[in-house]
Number of protein chains: 2
Amino acid sequence: MNQPLEKSTHQQTKANNVQLVLRTIYDHGQISRAQVARLTRLTRVTVSEIVTELIESKLVAEVGRGPSTGGKTPILLSVIDDARHLICLDLEDEVFHGAVINLRGQIKYSCNLSRQDQGGAQAVEMVYELVDSLLAATRQPVLGIGVGVPGLVDSVNGVVRRAVHLDWNDLHLANLLDQRYHLPVHIANDSQAAALAEFTFGKHEQLNNILVVRVGRGIGAGMVLNGRLHYGDNFGAGEIGHMRVVEGGERCRCGNYGCLETVASSRALVRRAQFLLDELPGGRLASPLRRMAARPEDIDTDLLLRAYRAGDRTVRGLIEDVGYYLGMAIAHMVSILNVNQVVLTGSLSRFGDVLVEVIRYQLLRGGLPLLADKVQVSLSTLGKDIVMLGAASLLMGEVGLV
Amino acid sequence: MNQPLEKSTHQQTKANNVQLVLRTIYDHGQISRAQVARLTRLTRVTVSEIVTELIESKLVAEVGRGPSTGGKTPILLSVIDDARHLICLDLEDEVFHGAVINLRGQIKYSCNLSRQDQGGAQAVEMVYELVDSLLAATRQPVLGIGVGVPGLVDSVNGVVRRAVHLDWNDLHLANLLDQRYHLPVHIANDSQAAALAEFTFGKHEQLNNILVVRVGRGIGAGMVLNGRLHYGDNFGAGEIGHMRVVEGGERCRCGNYGCLETVASSRALVRRAQFLLDELPGGRLASPLRRMAARPEDIDTDLLLRAYRAGDRTVRGLIEDVGYYLGMAIAHMVSILNVNQVVLTGSLSRFGDVLVEVIRYQLLRGGLPLLADKVQVSLSTLGKDIVMLGAASLLMGEVGLV
């Protein structure tokens, strides 16, 4: 009984060592075998054996020679960025996005599929369609499929517990994709994926903790704590859109009142702008917005952004309101978690500085000054691909690359 | 160069195996060598060697024989509960508490030292006094000194960054104690220590995440996430006392307005009760409280608890108010972290059910119903020793016992 168990432990050690070596080469860009041995504390013989395997499997290549440190110049190793490709999906509310991503998080190919209100099994078919076209777009070996889904997602079992817009309940999405494509599949909540993307590919100083807040049609957060994505007991960590921030506020689609989403989502913003356009006399709203939108129905987030950039003070005021409530929620997160790095993403983050400014103000008002002082609020530099990059990071995490 | 590094890796493996064996015996109460080998996946020879060492160092003993599983009856091993003692301190606002605790978290000896408003170097002297008397009270080998401190505590470097009441700023407490006693020292924020205590010694089902909220003169939380105490970037995680919960609320000692402590701490509670006694005509406060307190100055938390237990409706209303704001903060924590186990401790937790009831109500109002439904709010069963037990858990964690 003991013998096979001991053996499996040794196999485990071997696999760990392979990951350790690969990760070390990946992190250093270019590195010699001797340096890898020094950093990993493995013997040179072990490192050489593993490197030979990695070269054979075309993950690593010899890319030149480094400076001599006395003897002959050492051969430098590097991970081949396109050695493996990743199929990554972001099942956003209105449009499904897909991309082929390489091991450095570079987008090699991307495509979009308008959802046109499809849900249930039809939405699953659309996912297949997207994956089919992505697989056809790469000739490299594919490491796996990663999917970011808006909703409650059990990342361990690969089940979408609840995604309201897609009308998915307890959908075993990972199984379905695995059966069809015979590839490793990882799925996660979209905001949680975004946090992982920012942690892996964002240009931050070395850090342990990061909060990522997505503000679009819905509001969600993701958090990496002590270097690990925090999922929560039911994979619902970061569901901040339904924190109550207004006593006696309006009814939310969740059934409660005064939720953050009722005052700080893009839907809330558009609704308020429509109300102003409709109700206020022209004089009160003499402004770019009035010129751009003939009727309330013309207003959407893009139009508001244009009006804001054209100097519309009414829109600026509405964004300050969004920042006020968002800042309140972020101040709570920071008070509870003491995380100094907060990153904004999602469609409303395009309003940029005005939002960041109000959030900073709220942080100083709503937390211990000694700690609030240290918090950095910034805008994500990863753009619209953030959720797909998070899906890529999930897959790369499985092979120990991040 | 490689040789010593490989060797140190092997020593590390050896140390890990010793911890693994010790932990397995500890967790199982009584267990045979063969069972340990099966559970740890180590060979019987390795396990036997380690067990011999543990018996020699008097940490483990053979305690009898288990049922036969075919051959001869196996010898059972057990960790000796009093093999090592731990010196644990809780430097609470008004009284310093100390205890000698064994490896099962049993209090073997305890003592209290009234602080009498001493701060700075004098408070350090009082800590020495306490440790001296605790060390004199045990004849067992001492594993180390653990200290829970109210304030901002850098647990990695053993430095009290800021403890306002004690007038300690950047005090290298761990160093001071180490120099004087030559024992391992671990210090932590008191609420963080309480979370660790609840995680280690609380009677909870196996769990990964737990939130512990302490409500006394101040309000603080501690959280174990994914099995690890979450400290935050500046060791300030859980500083929820200064979350803003009342817009336009009263000024807090931190300089901000409407902080949770201004409405839900025992100081806030007492102040409100005093106001009622002072300002309201007798008829409005015909009640146990009126009978018990001749003057506002008579009122403290203990008296309010007696009045509440005697059926005082005014006090009940005040506690409901405390629960309202506390519940708001806890709902925020739960929305952000999706943790299903919330435990209350501290002097106000003695109000028990009424507090829990209002907090539950707030959870349902202030979070996604699907997730809020799953949250359990309970009162700690660890009583006044919770911070010292957390300090014990910190020390035991260092030797791999928890």
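Residues numbered from 1 in each chain as written. Chains lettered and ligands numbered in written order. Predicted model: local features only at pLDDT ≥ 70, side-chain atom pairs only at ≥ 80, totals over all residues. Heavy atoms only, no water.

A. Structural view of the pattern of salt bridges. Residues and elements named next belong to chain B. Per the stated rule, a full pass over the model turns up 41 salt bridges over all chains. Here Arg23 makes a salt bridge to Asp27, at a shortest N to O gap of 3.0 Å. Of the two residues, Arg23 and Asp27 are both situated in helix H1 (residues 2-28); the distance of four residues between them amounts to about one turn of the helix. In this structure Arg23 comes out as partly exposed when scored by relative accessible area, which is 31%. What makes Asp27 partly exposed here is its relative accessible area of 46%. Among the salt bridges present, the one from Glu320 reaches Arg316, with a minimum N-O distance of 3.2 Å. Within this pair, Glu320 and its partner Arg316 are both found in helix H11 (residues 313-337), separated by four residues, close to a single helical turn. Since its relative accessible area comes to 31%, Glu320 is described here as partly exposed. (Salt bridge = Lys/Arg side-chain N within 4 Å of Asp/Glu carboxyl O. Helix = DSSP H or I, 4+ residues; strand = E, 2+ residues; numbered from the N terminus. Buried < 20%, exposed > 50% of the residue type's maximum accessible area, 1.4 Å probe, protein only.)

B. Molecular detail of the pairing of strand E9 (residues 159-163) of chain A. All names here are of chain A. Pairing of strand E8 (residues 152-154) with E9, which is carried by three bridges, proceeds in the antiparallel orientation. For Leu152, the partnering residue across the bridge sits in E9 and is Arg162. From the end of E8 to the start of E9, which pair antiparallel, there are four residues, and Gly158 there has a positive phi angle of about 70 degrees. Note that E9 and strand E10 (residues 168-171) share three bridges and pair antiparallel. Across the sheet, residue Arg162 finds its bridge partner in E10, namely Asn169. Taking the residues that link successive antiparallel strands as the turn, the E9-E10 hairpin has four residues, and the phi of Asp167 there is positive, at about 55 degrees. (Pairing = 2+ DSSP bridges.)

C. Quick peek at the packing of helix H6 (residues 190-201) of chain A against helix H14 (residues 386-398) of chain A. Residues and elements named next belong to chain A. Here H6 crosses H14 at 75 degrees, and the two axes come no closer than 7 Å. As summarised for this structure, H6 and H14 are arranged roughly perpendicular, according to the angle between their axes. Facing H6, whose interface residues are Asp190, Ala193, Ala194, Leu196, Ala197, Glu198, Thr200 and Phe201, H14 presents Ile386, Val387, Leu389, Gly390, Ala391, Ser393, Leu394 and Met396. Tallied by class, residues from the contact of H6 with H14 come to 11 nonpolar, three polar and two charged. (Axes fitted to C-alpha atoms, helices over the stretch in contact; angles between N-to-C directions. Parallel < 35°, antiparallel > 145°, perpendicular 65-115°, else oblique. Contact = heavy atoms within 4.5 Å. Nonpolar A, V, L, I, M, F, W, Y, C, P; charged D, E, K, R; others polar.)

D. Region of interest: the relation of the copies chain B and chain A. By a simple turn and slide, chain B fits onto chain A: the slide is 0.0 Å along the axis, the RMSD is 0.1 Å, and the turn is 180 degrees. The relationship between the two copies is best expressed as a two-fold rotation axis. Same-surface contact between copies: 100% of interface residues of chain B are shared with the interface of chain A. (Least-squares fit on C-alpha atoms with pLDDT ≥ 70 in both.)

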